[in-house]
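# Coordinates in review
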Amino acid sequence: MSSKNMFTSSVGKKLVMAFTGIFLILFLIVHAGLNACIWANDEGLMFNKAAHFMGSFVVPRVLEIGLFVGIILHIVQGYMLTLENRSKRSVGYAVNYAKGSKWYSRSMALLGTLLLMFLVMHIYHFWTPSRLGGMAGIKSLTVFDKNGVEYHNLYAEMKLVFENVFVVILYVLACGSLAYHLAHGFQSAFKTIGIHNKRYHALISTIGYGFAILIPLAFAMMPISFYFNLVK
Amino acid sequence: MSHNNMNLKLKVWRQKNANTTGAFVKYDVNDISDEMSFLEMLDVLNEKLIVTGEEPIAFDHDCREGICGMCSLYIDGKPHGPWQANTTCQLHMRAFKDGDTITIEPWRSNAFPIVKDLTVDRGAFDRIIQAGGYVSVNTGNAVDGNSLPINKDDADASFAAAMCIGCGACVAACKNSSAMLFLSAKVSHLALLPQGEPERKSRVLNMVAQMDKEGFGSCTNTGACEAACPKEISIANIARLNKEYLRAGLTAE
Amino acid sequence: MLNSKIPAGKLEEKWVDYKGHCKLVNPANKRKMEVIVVGTGLAGASAAASLGELGYKVKAFCFQDSPRRAHSIAAQGGINAAKNYQNDGDSVFRLFYDTIKGGDYRAREANVHRLAEVSGNIIDQCVAQGVPFAREYGGLLSNRSFGGTQVQRTFYAAGQTGQQLLIGAYQALERQVALGNVTMHSRHEMLDVVKIDGKAKGIIARNLITGELEKHFGYAVLLCTGGYGNVFYLSTNAMGSNVTAAWKAHKQGAYFANPCFTQIHPTCIPVSGDHQSKLTLMSESLRNDGRIWVPKNLDEKRKANEIPEEDRDYFLERRYPAFGNLVPRDVASRAAKERCDAGHGVGTSKQAVYLDYAAAIERYGKIEVSKQGLSNVSTEEITAMGKEVVKEKYGNLFNMYAKITGENPYEVPMRIYPAVHYTMGGLWVDYELQTNVPGLYALGEANFSDHGANRLGASALMQGLADGYFVIPYTLGNNLADEIYNTPIPTSHPAFEAAEKAVAERIQTLKNINGKQSVESFHKRLGKIIWNECGMSRSEAGLKKAIADVQALKKEFWSDVRIPGEINEYNPELDKANRVADFIELGELMCVDALNRNESCGGHFREEYQTPDGEALRDDENFMYVAAWETTGEHQWQLHKEELKYEVIKPSQRNYK
Ligand SMILES: Cc1cc2nc3c(=O)[nH]c(=O)nc-3n(C[C@H](O)[C@H](O)[C@H](O)COP(=O)(O)OP(=O)(O)OC[C@H]3O[C@@H](n4cnc5c(N)ncnc54)[C@H](O)[C@@H]3O)c2cc1C
Ligand code: SF4
Ligand code: FES
């Protein structure tokens, strides 16, 4: 075997999952960091500025393309792997082996599917209007800062979207899926790229669980904050 | 010492050969002593079947002391039955109680086709070893055993990986039918020793390629293999294999 | 008549000389020569791999699903080698001497010396293959001591030495498979040797999955099929271990040597009931720290821990004050049996003695206390510390005991009893490991060669690997050099056809009996006969009775055995029937041999021949020979004697008092 098919073997495919996964984890940090600006309590000014920065500069735009490629790879590869892995056992067991592993580590595809469904909704809610314009139902698409620079008013969009209690619930549930997806995915990704040293691995597991709780919690708090008018 | 005798119901997978479909068959076994091993309980049932003119249940076994790796059986939803770090042949009937129904299935994986009843073909494991699970040293080539000191921790870690008995419980336990625990045990055993160094890269690449060819799934790090492994082979070995693979893949010509 | 082909010259130069002068086969010819290796244990796997490396076309066979599962995998303790890494005075000569003495002077000097000579190479070879032997902190190989020696020469890998060595040999074998030099036939059972013009030229093997018979040609046939301890039904051998291959060779004219020399290991987990299918060994190392005792009172009702010191009989310490609990295996086993026969046995079956760790736990606890400089420590704390130490040393064995018996050996004494463990007897072979049938070789436990009447611990692994890695590559070449002019024989040759037909007919006959009793039940009955009369102690009357009983059993077997299933399918019952049929015949020969040997030596103890205080009494005058038996008809054998000449060592009585 040569390095040519390095990423197409069973281990290679997992490497792709791990690298894209880690990339998405990094994105989550950025995304959560940016969104945390809503809690600045400045009517979304800081948040809108940050969002504008991401939308109008080259580097983040390029990264955004990477992000889409990463997400798509992660999704497609994930589904392919799942289907492939399932095909390896044509006759299943009458009694499943449930004790040996965590349910969420066996349910990454299901959790991922939930996240994908969420993603479609999420893109429809925020990304399409902000990038392609056309925020339905919002009177003023743009806001101006003191200096008269024009921004998309994503903040207003959020406010609007999160008025709907069902949307809020869906978002919170999605954050739950994300939490479990990360609880397994985070440390799994690092195992897949070869962290075997027990100490490092223990460290990564701890960070992973922390991450899996904190990040989704932060995200979940956003719709809740809007819904209960905790941000101004 | 207690001598509790019990009556049990068994649900056993029966399948004539690889080309037929199988089904569960129910049996009653009575008066089973809790001092018996699980396989001895099956012996008792088989003796009964033979005398009544039925075909005995086929299952693999040989050493009956937990080292040859021949025994298998997926018992009540766990490879090698309910005890931890244990092989089926060392499972004793103390683990069960009077009136229990026990479901016995073969290892299930397309890479381990069924031979008959509970017996499967694990030849794929041998072929994976053939792909590189060795040090290429002909008889007579060796230098003095003490000419190359080996750090004790490395030697011990290598031994811990080399303890794998090739039973296939990891594959049976894995939802993906992945053979990565088995494979990684061999890769780690040899990667941790200086003797394994010269072939380190080709070994991991070739063995992974063979594993894929045999039709095992890929590892998603669920940890079921480690939990079922009778020799407690650590899943950290899989991560080590991944590192070896990445290193080899990136630096291969 | 029996030519052992021992090279002339001084003992220590024989092997060197042999290697220097033996004939060779050139590489081009090797590639044309097929060699059959039956068995893939340490002996078979190492032979197949080494011959493959040399360029021979090897066909290897084993009945398990993978060569890695041969019973060598179960060896626990270790492997001897005269490396003298410990600088404690070891040498090739000392290993040679210990092995001869341990075998009670019934082994061939030249073979044993060669074994000691190559022992060091084995360790080197295994290390090079990546066998993870135990090491010291400095990174060098570690050694432990073993029974019957005064030096530390045993190399080990925790309690799994056999496993690690076999995996090493197995990997070497699989490498040759990958290179195309060896073809592996797993789940195949050899059912006959094919002879053409008096020479072994192939085998008939049964594919155990399909039931088909196959004919395989080879310029030579190597039997590396292990020991026959399962003739006793209960033994520490694997369930599938059998004598069939060796027995078929015997039926084809190969002599069977010293069949009555069997080793009973003193420390095994006792039988718990009729359902018992096999026995589990508890490593010899346990006797280093444990004390063995039985209650003094007959009919003792109290639990072990409630029996006070004055009511305990530490019988080994009493009888053998010098060696105490560390007397050799045969001596320890007999002493335990003697006590149980006298009614002092423990447990429900009364066929067990206690192996007690309480004293060791206390001793180690106290050592810990002083090591850590503690004072005012309660007894409980001392015990707890002691248990920790014992756990570190013997934890895996204690766990195994707990799993099997359900008792906690840290709290109550273990119950142990002797069990069949190894067979010193086997196919007679000459110095070149060739049987008296040209072209037919026997390696490893399957031959009789190196251990005399009793094997020392950690030397079977050594012998298996010596035979396979370092002896057969030379001796086979020496003989095959004359065969290069003969073209391969097609398996359509009438001899192959006839052999195949005979095997098929036998299987059909077995199947057609369609009686009422299972194979297993016959095997159990055979085991009881042999264990009672040809086990730890034997007597003329008992052996005669056993012979009659076995003959009767044979008749019953061939008229009332029931084999379910079909011939042309995977049918473990049929496989078993084939094996048990051969065990029955072997059982008779064992008794014949034991009856013939009117002396006690090593593992063979004849009640008529003992010293006044019950020790084995050898008769060098009349029995310093290898008894090689030739089959001459049903229930008939002819004895051939190979006199043993001790040129270097002077035999003496063993004394452990
Ligand atoms: C529990 C236990 C512990 C031991 N511990 C030690 C120890 O610490 N140190 C030590 O030196 N020795 C020890 N021994 C002894 C030692 O393990 C054996 O003597 C040795 O391994 C035998 O090796 P072998 O290659 O001759 O045969 P085996 O390893 O028994 O191999 C036999 C092979 O022959 C094949 N075979 C048999 N019959 C047929 C047939 N008819 N057709 C095809 N194939 C066939 C089998 O498939 C197998 O591959 C121990 C033995 C036991 C039982
Ligand atoms: S890794 Fe464990 S479960 Fe898998 S084959 Fe080896 S011993 Fe069996
Ligand atoms: S029968 Fe050998 S491990 Fe179970």
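Whatever comes next refers back to the structure up there.
Below you will find a few notes about this structure. None of the values given here were measured: they were computed from a predicted structure.

It is worth spelling out the interface of chain C and chain B at this point. Counting from both sides, the interface comprises 76 residues of chain C and, opposite them, 73 residues of chain B. In total, about 6,200 Å² of surface goes out of reach between chain C and chain B, with carbon and sulfur atoms giving 52% of it. Between the two partners, chain C and chain B, sit 6 salt bridges. Of the charged contacts, one joins Glu569 of chain C and Lys116 of chain B as a salt bridge, the two residues approaching to 3.6 Å between their closest N and O atoms. Along the contact surface separating chain C from chain B lie 46 residue pairs in polar contact (both at pLDDT 80 or more). Only α3 (42-54), α5 (109-129), α6 (161-179), α11 (379-405), α12 (460-480) and α14 (519-534) of chain C provide two or more residues apiece to the side of chain C that touches chain B. Looking at side-chain class alone, the side of chain C that touches chain B contains 28 nonpolar, 28 polar and 20 charged residues.

Before going further, it helps to examine the environment of Phe133 of chain C. Residue and element names in this part refer to chain C. Among the secondary structure elements, Phe133 is positioned in the loop between α5 and β4 (154-155). The sequence separation of Phe133 and Phe155 amounts to 22 residues, and the corresponding C-alpha distance is 7.0 Å. In contact with Phe133, other than residues within four places in its own chain, are Ile79, Ile123, Cys126, Val127, Leu141, Phe155, Tyr156, Ala157 and Leu165.

Moving on: the nonpolar core. Ranked by internal contacts, the top residues of the largest apolar core, which has 276 residues, are Phe38, Met93 and Phe216 of chain B together with Ile79, Phe133, Leu222 and Tyr357 of chain C. Beyond its immediate chain neighbours, meaning those up to four positions away, Tyr357 of chain C contacts Leu286, Asp289, Gly290, Val390, Tyr394, Phe398 and Met414 of chain C. By size, the runner-up hydrophobic cluster in this structure holds 40 residues, among which are Ile38, Phe126, Phe186 and Met222 of chain A.

Let us look at the interface of chain A and chain B. Put simply, an interface is often sized by how much accessible area is lost when its parts join up. Counting from both sides, the interface comprises 37 residues of chain A and, opposite them, 52 residues of chain B. Contact between chain A and chain B buries roughly 3,600 Å² in total, counting both sides, with carbon and sulfur atoms accounting for 56%. If you sort the residues of chain A by the area they bury against chain B, Tyr93, Tyr97 and His196 of chain A come out on top, with a joint share of 21%. Taken together, the links from chain A to chain B amount to 0 salt bridges. Linking chain A with chain B are 26 residue pairs in polar contact (both at pLDDT 80 or more). Secondary structure elements with two or more residues in the side of chain A that touches chain B: α1 (10-35), α3 (58-86), α4 (103-106) and α7 (165-192) of chain A.

On to helix α1 (residues 11-21) of chain C. All names here are of chain C. Buried within α1 are the following residues: Leu11, Lys14, Trp15 and Tyr18. For α1, the arc enclosing every buried residue in end-on projection is 85 degrees, short of the 170-degree limit, so these residues lie on one face. Seen from the buried face of α1, the exposed residues on the opposite side, beyond 90 degrees, are Val16 and Gly20.

What follows is about the pairing of strand β1 (residues 5-14) of chain B. All names here are of chain B. Judged from the 9 bridges that link them, β1 and strand β2 (residues 23-33) form a sheet pairing that is antiparallel. Considered in β2, the bridge of Lys9 is made with Asp28. The pairing of β1 with strand β5 (residues 101-105) spans 4 bridges and is classified as parallel. Looking at β5, one finds that Val12 is bridged to Ile104.

Oppositely charged side chains are able to pair whenever their charged atoms sit close together. All names here are of chain C. Counting across every chain of the model gives 72 salt bridges over all chains. Between Asp65 and Arg69 there is a salt bridge; the shortest N-O distance is 2.6 Å. Residues Asp65 and Arg69 agree in their burial class; the two are buried. Notably, a salt bridge pairs Arg312 with Glu309, separated by 3.6 Å at the nearest N-O pair. You can call Arg312 buried: its relative accessible area is 10%.

Per the counting criterion, the structure on display carries 44 aromatic pairs over all chains. Here the aromatic rings of Phe118 of chain A and Tyr171 of chain A are separated by 4.8 Å at their centres, their planes lie at 80 degrees, and the arrangement is edge-to-face. With Phe118 of chain A in helix α5 (residues 108-132) and Tyr171 of chain A in helix α7, this residue pair connects regions lying 53 residues apart in the sequence. The burial state of Phe118 of chain A is the same as that of Tyr171 of chain A; both residues are buried. With a centroid separation of 5.1 Å and an interplanar angle of 85 degrees, the aromatic rings of Tyr227 of chain A and Phe228 of chain A are classed as edge-to-face. The partly exposed category is assigned to Tyr227 of chain A, whose relative accessible area is 33%. Residue Phe228 of chain A is classed as exposed on the basis of its relative accessible area, which comes to 54%. Three or more aromatic residues joined by ring pairs make a cluster, and in this case those are Phe118, Phe126, Tyr155, Phe162, Tyr171 and Phe226 of chain A. Positioned above the aromatic ring of Tyr474 of chain C, the side-chain terminus of Lys19 of chain C is 5.6 Å from the ring centre.

Attention shifts here to the pairing of β5 of chain B. All names here are of chain B. A large share of β5 lies buried, amounting to 4 of its 5 residues. Here strand β3 (residues 74-75) runs beside β5; their pairing, made up of 2 bridges, is antiparallel. Within the sheet, the bridge partner assigned to Tyr74 lies in β5 and is Glu105.

What follows concerns the sheet that holds strand β15 (residues 414-423) of chain C. Residues and elements named next belong to chain C. Taken in spatial order, the 5 strands make up an open sheet running β11-β15-β14-β12-β13, and their pairing is antiparallel. For this open sheet the edge positions go to β11 (262-268) and β13 (312-313), each flanked by a neighbour on one side alone. Bridge count for strand β12 (residues 291-295) against strand β14 (residues 353-356) is 3 bridges, and the pairing is antiparallel. From the neighbouring strand, Arg291 faces β14, where its bridge partner is Asp356. Where helix α9 (residues 329-344) meets the sheet, it contacts β11, β12, β13, β14 and β15, and its direction lies at approximately 65 degrees from that of β11.

Rules used in this analysis
- Residues numbered from 1 in each chain as written.
- Chains lettered and ligands numbered in written order.
- Predicted model: local features only at pLDDT ≥ 70, side-chain atom pairs only at ≥ 80, totals over all residues.
- Heavy atoms only, no water.
- Contact = heavy atoms within 4.5 Å.
- Buried area = accessible area lost by both parts, 1.4 Å probe.
- Salt bridge = Lys/Arg side-chain N within 4 Å of Asp/Glu carboxyl O.
- Polar contact = N/O pair within 3.5 Å; in protein donor to acceptor, adjacent residues only side chain to side chain.
- Helix = DSSP H or I, 4+ residues; strand = E, 2+ residues; numbered from the N terminus.
- Nonpolar A, V, L, I, M, F, W, Y, C, P; charged D, E, K, R; others polar.
- Core = buried A, V, L, I, M, F, W, Y, C linked by side-chain atoms within 4.5 Å.
- Buried < 20%, exposed > 50% of the residue type's maximum accessible area, 1.4 Å probe, protein only.
- Arc of directions from axis to C-beta.
- Pairing = 2+ DSSP bridges.
- Phe/Tyr/Trp six-rings, centres within 6.5 Å; stacked < 30°, edge-to-face > 60°.
- Lys NZ or Arg CZ within 6 Å of the ring centre and 35° of its normal.
- Axes fitted to C-alpha atoms, helices over the stretch in contact; angles between N-to-C directions.

Bear in mind that shape data such as this cannot, by itself, settle questions of function.
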